[in-house]
Amino acid sequence: MNRETDLEALLAEAADPAAAQKIIELLHGRTQALQQASDELRIELALLQRAGSVVGADAQRLQTELRDLRSLASRAALDPDTFALLAADGVGVHLPMPAPMEQMLQLEPPSSGSLRDLQPLSITASTRLGSLLALTSGFHLHLFGGLGLPLSEDWRWPRARRGPATLARGERFETMCAIDEFAPPKHVLVVTRSGWCRALPWTVVENLAAGGAVFNPADRGDTPVWIGPCVDGDVLLVTRLGRYVRFPVAALAAAGEHGVALESDDDVATAVVVPAGKADTCAVHFIGVDGAHFAIAPQGLEANKRAGGKTRALTRNWLAQSCAVAERKDAVAIFAASGEVCISTLRSVPVAARPADVRPLNIVGQRLLGAVFFGA
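Residues numbered from 1 in each chain as written. Predicted model: local features only at pLDDT ≥ 70, side-chain atom pairs only at ≥ 80, totals over all residues. Heavy atoms only, no water.

1. With respect to the pairing of strand S4 (residues 122-127)
Part 1 of the argument: Of all six residues in S4, five are buried; the element is thus mostly enclosed.
Part 2 of the argument: Pairing between strand S1 (residues 81-86) and S4: six bridges, direction antiparallel. The residue of S4 that forms the bridge with Phe83 is Ala125. (Buried < 20%, exposed > 50% of the residue type's maximum accessible area, 1.4 Å probe, protein only. Helix = DSSP H or I, 4+ residues; strand = E, 2+ residues; numbered from the N terminus. Pairing = 2+ DSSP bridges.)

2. A word on the sheet that holds strand S5 (residues 131-136)
Pairing between sheet strands relies on hydrogen bonds along the backbone, with the strands arranged either parallel or antiparallel.
Part 1 of the argument: One open sheet accounts for three strands, arranged S6-S5-S8; its pairing is antiparallel. Whereas interior strands pair on both sides, the edge strands pair on one side only; in this sheet they are strand S6 (141-145) and strand S8 (173-179). Between one strand and the next, the sheet's axes are offset by a mean angle of 25°, whatever the strand orientation.
Part 2 of the argument: As judged from the six bridges shared by S5 and S8, these two strands associate in the antiparallel manner. Bridge pairing in S8 places Leu135 opposite Thr175. (Axes fitted to C-alpha atoms, helices over the stretch in contact; angles between N-to-C directions.)

3. Looking at the nonpolar core
Part 1 of the argument: Ranked by internal contacts, the top residues of the largest apolar core, which has 23 residues, are Phe83, Leu85, Trp157 and Phe335.
Part 2 of the argument: Taken together, the elements giving at least two residues each to this core come down to S1, strand S2 (91-96), strand S22 (331-336), strand S23 (340-345) and strand S26 (368-374).
Part 3 of the argument: In contact with Trp157, other than residues within four places in its own chain, are Leu85, Ala87, Val91, Gly92, Val93, Leu107, Glu108, Pro109, Pro110, Leu118 and Leu121. (Core = buried A, V, L, I, M, F, W, Y, C linked by side-chain atoms within 4.5 Å. Contact = heavy atoms within 4.5 Å.)

4. Some points on the sheet that holds strand S16 (residues 268-274)
Part 1 of the argument: Read from one edge to the other, the open sheet built from four strands follows the order S16-S12-S13-S20, with strand pairing classed as antiparallel. The sheet terminates laterally at S16 and strand S20 (312-313), the two strands that pair on one side only.
Part 2 of the argument: With six bridges joining them, strand S12 (residues 234-239) and S16 adopt antiparallel strand pairing. By the bridge assignment for S16, Leu236 is matched with Val272.

Spelled out as structure tokens, the structure:
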């Protein structure tokens, strides 16, 4: 490339006002793209340095630099909202978060095989530069930056790649959530299929993730089904057969305990933390494995004073897949096994006063990979 000749050609074209405007717009776009790439590399470098052998003042300096960079990226619209997806084998991708409006999108499956092969597929609302906390079947915690997963603007799974979190032999990723490391939660709640629950202090989470140590549930053969941040409020466990139990986070033993007395043919499918003081503005939304959706006011879900109580019915002939606490202005993305992704707003979803009043809306009518709620 002859840079001098190229420059002369650009200057000659710039004599035309219309051409000059196009050249300026092109250069501005290129500058923005380079700035974004530069900021992402700076953040990735800070993350790598932080993950190395830095202690004391150096670690604090890097943390401050990373926080400032994230703030700068957010102000410059360089840290877009995404859906982060992580398959059982550790391959993952970011998808651009769509507008919270009624629409149908399509996730292209892997080049060989189907989307069903990715299960259990963890889906969480995040940002391109945010942090993700994943939990394996062997109860290893992995905390990693969102830059470790690629962004697929065209919603193609073949663009996915293996993230920075590595699996031990025989392990798979079971569940994941987004974490704000600059305003971390007081605790991270872990829930297993048998209903065992433990609220891990954030410092413990960081140490476990950094050191690679495991924490053991009551039953070594148990499997994680849900992980998420919690401060105060109530734990709501939802079983596969459409039953629930609710109790205060503060009631959990520090070393963990079983939060529910399950029926012999039932197990826990998902969970959520119902924040304290939001009963008037939020509802608890439930998504079934076939896309059936309903919502109940928090005050309509009876609570126990302690963990370990018997379950109560939500509704009949409904198998649980996901649940979340959301506001009416929010939306939900329901990922079907066929690749269809249904985006629905929550404004028109009726909120039942109690489980007996529930009338599920069948939104998708096919087997799901997962569902994720996100803000307007």
